Amino acid sequence: MKFIVSSTYLLKQLQILGGVINNNNTLPILDNFLFELNNDELTVSASDLETTMSAKLQVESDSEGKIAVPARLLLDTLKTFPEQPLTFVVEDNNTIELSSNHGKYALAYAGGEEFPKAVSLEEPSSTKIQGDVLATAISKTIFASGNDDLRPVMSGVFFQFTPQNLTFVATDAHKLVKYSRDDISASENAEFIMPKKPLNLLKGILSGSDSEVLIEYNESNARFTFEDTTLVCRLIDGKYPNYEAVIPKENPNKLVIDRGQFLSSVKRVSIFSNKTTHQVRLKIAGAELNISAEDVDYSNKAEERLTCSYQGDDMQIGFNSRFLTEMLTNLNANEVQLEMSLPNRAGILTPVDGLDEGEKVTMLVMPVMLNN
Amino acid sequence: MEPAKQRKIIHVDMDAFYASVEQLDNPGLKGKPIAVGGSSQRGVVAAASYEARKFGVKSAMSSVIAKRNCPELIFVKPRFDRYREISNRIRNIFFEYTDLVEPLSLDEAYLDVTENKKGNPSASLIAKEIRQKILDKTGLTASAGISINKFIAKVASDYNKPNGQKTVNPEEVPEFLEALEIRKFYGVGKVTAEKMYRLGIFTGKNLKEKSREFLDEHFGKSGEYYYQVVRGIHLSEVKPSRIRKSLGAERTFEENISSEVFMLERLENISEEIERRLTKSKVAGKTVTLKIKYSDFTLQTRSKTLDYYISSKGLILETAKKLLYQEKMKNSVRLLGISLSNLNTEKPDEKEEKKEIAVQLKFDF
């Protein structure tokens, strides 16, 4: 088994795939990349058992073979090379020899058979989506997902596909984001919960990408295929909470405000907030939004006033400033609307402008009760 | 179990307070039978002047019956702010004598004058002075009862009403209590009184003859209270500034209603009223109780305790609404009330507890 490949081309692909590999693997074989050579097509895979990602590389070769190469060692070496052709030759003594312009390096490899196979999807349904759109959907939602081991379903992003649109939802029970696209649809209704790790990988690879992603899925697994890359992952098992039910229907109090101003005020005022609740208080009367925070333990206090446009009754509501900051940062509108009903009901944050055709973002945040 | 030192307690009770204030502020009403309260079909007399009482008009009486008893009766709308203002002036007079003042309502208070600021050993003279001062400063008359505990003082204040006072000296206590009609005992209402009558108890003397076991058997927990009180034992202290335990408001409807839509409207008004009062006394509460009185006068309460304190009408209404829809109404409804308890004024000694704890709310998944 022998092949020649460009050093930077190989490194770029391996770095992407390397994201799958966990730092501490109980199964040592998972510390390797699987190299499968079939003449001039080299397929490299990485896996953590839950997620397996593979990429096809074009190399110069006329041989075949399948070996597992230590990932860390290979990556550390490749990073040091300027662009040049590298030659890999499998030797008899269970090592693979790598020749560069500078010299020779031998890496011990393991047999390719030991490497776990990616699951094959039987009778999958499928839909197609533009890479960049998927990346956006992920980045708009994933921050809102939870980390609670007791509620694993909320640790992922809920994909809800219908013949009318695609919807992506994430929540940690305190905040919730619903991102939907009416300009894309699936052939049939489908719902599944994607774990965070593969989504973060996809987000990294696909952001700004024009290429089309084929999403195939069944009850337990999903496969994402684009260009020469395939990602297969296990889905989170369980029923996603009925998120539609928690979106308040009647919200008579509507606040429209400049997103940048609102965000920087919240950020500044929150420095003075209680260190455990991060509570900021919004007091809205007329066309004035008063944002304040207080840390009673240290007698720290801050208050800012902003002009806004407001329809509704004067009201006071408390929010965790971290949630507000995350949500406002995640939007890219110039103006946002915050709809509210009561101080113990979720506030609904939506962008007023800056959306693409068919794109819709709804963010919900549960208040922190003001105890006085 | 007698306290080491004999206490001197005064119960001061203003005479027809609300009605007298109205007559004072509006001389045209002087000497006329007046009733403070609503004159409507379902209105209730909150207070009646002595002129009206002669005709059998009593507080808590339905306005319609009152009007029937006394056709000349003039109804006056209550002005609680004004009553509160005068009540505060009276309270300040009390404070000239002692800090141990326990207001029962706007027009009544207990004073413990065992040790008093004037060093006057005679509680009877203090009571006289206080009543005179009240008259001088407000133009209103008060009655007082003076004795060794709150129970007897309260009963005694009624003795020479209006504009009089009654002292029950320690040695007179047994005789006084024995002679007392059972329905005059504080804590004995109409129902208990009838029960007492059936058991052959008409006076304090009859009550005293009954054994502790007998009273426990027939009156449960209250048995002990009756047993002790008739022996002149009532150790309850005069507690300055009673800590409010709950705050509520209720409405009796002009006509019984059975549609929940109309009830909601009423609940909204009641919530508004509670919010106003909460703001005034700067408190918030965690437990919302919905009181429903059906047209057959049966009473039902439903309550819900939240994780956080609330004080705004929106939240009170929302919780009350949930309680309203929790179960179907058994009958048409005569009265609805909301009260808020578990107030943040409780546990004042536990500073830690009182510290504001903000609660991050979660979606209801």
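Residues numbered from 1 in each chain as written. Chains lettered and ligands numbered in written order. Predicted model: local features only at pLDDT ≥ 70, side-chain atom pairs only at ≥ 80, totals over all residues. Heavy atoms only, no water.

- Per an unreviewed UniProt entry, chain A is named Beta sliding clamp, and its organism is Salinimicrobium catena.
- Per UniProt, chain A carries the Sequence similarities (unreviewed entry) text "Belongs to the beta sliding clamp family."
- According to its UniProt record, chain A has this under Subcellular location (unreviewed entry): "Cytoplasm". (UniProt positions renumbered as here; feature names shortened; annotations may be inferred.)

**What to know about the overall build of chain A**
Then, in step 1: Counting its secondary structure elements, chain A contains six helices and 27 strands.
Then, in step 2: Across the 372 residues in chain A, those meeting the buried criterion constitute 56%.
Then, in step 3: The contacts in chain A between residues at least 6 apart in sequence include a share of 65% that link residues at least 24 apart.
Then, in step 4: Of the roughly 17,000 Å² of accessible surface on chain A, 45% is carried by carbon and sulfur atoms. (Helix = DSSP H or I, 4+ residues; strand = E, 2+ residues; numbered from the N terminus. Buried < 20%, exposed > 50% of the residue type's maximum accessible area, 1.4 Å probe, protein only. Contact = heavy atoms within 4.5 Å. Areas by Shrake-Rupley, 256 points an atom, 1.4 Å probe, with all protein chains shown as cover.)

**A closer look at the pairing of strand β5 (residues 101-105) of chain B**
All names here are of chain B.
Then, in step 1: Of the pairings in the sheet, the one linking β5 to strand β6 (residues 108-112) comprises four bridges and is antiparallel in character. Along β6, the bridge assignment pairs S105 with E108.
Then, in step 2: Linkage of β5 to β6, two consecutive antiparallel strands, is achieved through a turn of two residues. (Pairing = 2+ DSSP bridges.)

**Looking at the sheet that holds strand β22 (residues 309-311) of chain A**
In sheet architecture, strand pairing relies on hydrogen bonds along the backbone and comes in two forms, parallel and antiparallel.
All names here are of chain A.
Then, in step 1: Taken together, the nine strands give an open sheet; going across it, the order is β14-β11-β12-β13-β26-β25-β24-β18-β22, and neighbouring strands pair in antiparallel fashion. Two strands in the sheet have a free side with no partner beyond their single neighbour: β14 (190-195) and β22. For this sheet the average axis-to-axis angle between neighbouring strands, irrespective of direction, equals 15 degrees.
Then, in step 2: Looking at chain direction, strand β18 (residues 253-258) and strand β24 (residues 335-340) are connected through six bridges and run antiparallel. Directly across from V256, in β24, lies its bridge partner Q337. (Axes fitted to C-alpha atoms, helices over the stretch in contact; angles between N-to-C directions.)

**Here's the deal with the interface of chain B and chain A**
Then, in step 1: Facing the 19 residues of chain B at the interface are 29 residues of chain A.
Then, in step 2: Of the roughly 2,100 Å² buried at the junction of chain B and chain A (both faces included), carbon and sulfur atoms supply 61%.
Then, in step 3: Per-residue buried area on chain B facing chain A is highest for Q360, F363 and F365 of chain B; these three make up 36% of the total on that side.
Then, in step 4: Where chain B touches chain A, the interface holds one salt bridge.
Then, in step 5: Of the charged contacts, one joins R345 of chain A and E318 of chain B as a salt bridge, the two residues approaching to 2.4 Å between their closest N and O atoms.
Then, in step 6: Our count for the contact surface shared by chain B and chain A stands at seven residue pairs in polar contact (both at pLDDT 80 or more).
Then, in step 7: For the side of chain B that touches chain A, the secondary structure elements donating two or more residues are β11 (299-310), α13 (313-325) and β13 (359-360) of chain B.
Then, in step 8: Considering only residue class, the side of chain B that touches chain A consists of ten nonpolar, four polar and five charged. (Buried area = accessible area lost by both parts, 1.4 Å probe. Salt bridge = Lys/Arg side-chain N within 4 Å of Asp/Glu carboxyl O. Polar contact = N/O pair within 3.5 Å; in protein donor to acceptor, adjacent residues only side chain to side chain. Nonpolar A, V, L, I, M, F, W, Y, C, P; charged D, E, K, R; others polar.)

**Let's talk about the pattern of salt bridges**
Then, in step 1: Following the criterion strictly, the structure yields 38 salt bridges over all chains and no others.
Then, in step 2: Ionic pairing is found between R181 of chain A and E359 of chain A, a salt bridge with its closest N-O pair at 3.8 Å. Taken together, the residues R181 of chain A in strand β13 (residues 175-181) and E359 of chain A in strand β26 (residues 359-365) connect sequence positions 178 residues apart. One exposure class covers both R181 of chain A and E359 of chain A, and it is buried.
Then, in step 3: For R305 of chain A, the salt bridge goes to E303 of chain A, with nearest N and O atoms at 3.3 Å.
Then, in step 4: Given a relative accessible area of 53%, R305 of chain A falls into the exposed group.
Then, in step 5: Judged by its relative accessible area of 48%, E303 of chain A falls in the partly exposed class.
Then, in step 6: Through salt bridges with shared partners, a single network forms among E22, D25, R79, R82, E85 and R89 of chain B.

**As for the packing of helix α1 (residues 7-18) of chain A against helix α2 (residues 71-79) of chain A**
Residues and elements named next belong to chain A.
Then, in step 1: At a minimum axis separation of 10 Å, α1 and α2 run at an interaxial angle of 140 degrees. Taken together, the axes of α1 and α2 lie oblique to each other. The hand of the α1/α2 crossing is left-handed. Contact with α1, carried on its side by L10, L11, L14 and Q15, involves L74, L75, L78 and K79 of α2 and no other residues of that element.
Then, in step 2: By residue class, the composition of the contact of α1 with α2 is six nonpolar, one polar and one charged. (Parallel < 35°, antiparallel > 145°, perpendicular 65-115°, else oblique. Left-handed = near helix turned anticlockwise from the far one by under 90°.)

**A look at unusual backbone geometry**
Then, in step 1: The omega angle of the peptide bond from K161 of chain B to P162 of chain B is -10 degrees, so this bond is cis rather than trans.
Then, in step 2: Counting through the fold element by element, P162 of chain B comes out in the loop between α6 (150-157) and β8 (165-167).
Then, in step 3: Look at L49 of chain A: it is not a glycine, yet its phi comes out positive at around 80 degrees.
Then, in step 4: Unlike most non-glycine residues, N163 of chain B shows phi in positive territory, near 50 degrees.
Then, in step 5: Summarising the element assignment, N163 of chain B is placed in the loop between α6 and β8.

**Re the side chain of H278 of chain A**
Then, in step 1: Relative to the helices and strands, H278 of chain A resides in the loop between α5 (259-270) and β19 (279-285).
Then, in step 2: The class of H278 of chain A is buried, set by a relative accessible area of 14%.

**Examining the packing of helix α12 (residues 260-281) of chain B against α13 of chain B**
Each pair of packed helices can be summarised by the angle the axes make with each other and by the distance between the axes.
Residues and elements named next belong to chain B.
Then, in step 1: Packing of α12 against α13 brings their axes to within 9 Å, and their N-to-C directions diverge by 145 degrees. Along this stretch, α12 crosses α13, giving a crossing that reads as right-handed. Between α12, through E260, M263, L264, L267, E268, S271, E272, I274, E275 and L278, and α13, the contact on the second element is made entirely by K313, I316, L317, A320, K321, L324 and Y325.

**Side note on the packing of aromatic side chains**
Then, in step 1: Scanning the model with the defined rule gives 26 aromatic pairs over all chains in all.
Then, in step 2: Seen from their ring centres, F159 of chain A and F192 of chain A are 5.2 Å apart, and the 25 degrees between their planes marks the pair as stacked. Of this pair, F159 of chain A sits in strand β11 (residues 156-161) while F192 of chain A sits in strand β14, and the two are 33 residues apart along the sequence. Each member of the pair, F159 of chain A as well as F192 of chain A, carries the same accessibility label: buried.
Then, in step 3: Pairing F151 of chain B with Y225 of chain B gives two aromatic rings, centres 6.4 Å apart and planes at 90 degrees, and the pair type is edge-to-face. You can see F151 of chain B sitting in helix α6 and its partner Y225 of chain B sitting in helix α11 (residues 222-229), a full 74 residues away along the chain.
Then, in step 4: Overall, Y225 of chain B belongs to the partly exposed group, its relative accessible area being 28%.
Then, in step 5: Taking NZ or CZ as reference, K286 of chain B lies 5.0 Å from the ring centre of Y309 of chain B, over its face. (Phe/Tyr/Trp six-rings, centres within 6.5 Å; stacked < 30°, edge-to-face > 60°. Lys NZ or Arg CZ within 6 Å of the ring centre and 35° of its normal.)

**So, the nonpolar core**
Then, in step 1: Counting 98 residues, the largest nonpolar core has F33 and F224 of chain A as its most contacted members.
Then, in step 2: Broken down by element, the residue count for this core peaks at five residues, all from helix α3 (residues 131-141) of chain A. (Core = buried A, V, L, I, M, F, W, Y, C linked by side-chain atoms within 4.5 Å.)

**Here we look at helix α6 (residues 321-330) of chain A**
All names here are of chain A.
Then, in step 1: With seven of ten residues buried, α6 lies mostly within the body of the structure.
Then, in step 2: Buried within α6 we find S321, F323, L324, T325, M327, L328 and N330.
Then, in step 3: One side-chain oxygen of the residue at the start of α6 lies 2.8 Å from the amide nitrogen of R322, identifying that residue as N320.

**Some remarks on helix α4 (residues 196-206) of chain A**
Then, in step 1: Residues P198, L199, L201, L202 and L206 of chain A constitute the buried set of α4 of chain A. Taken down its axis, α4 of chain A places every buried residue within 160 degrees of arc, on the same side. (Arc of directions from axis to C-beta.)

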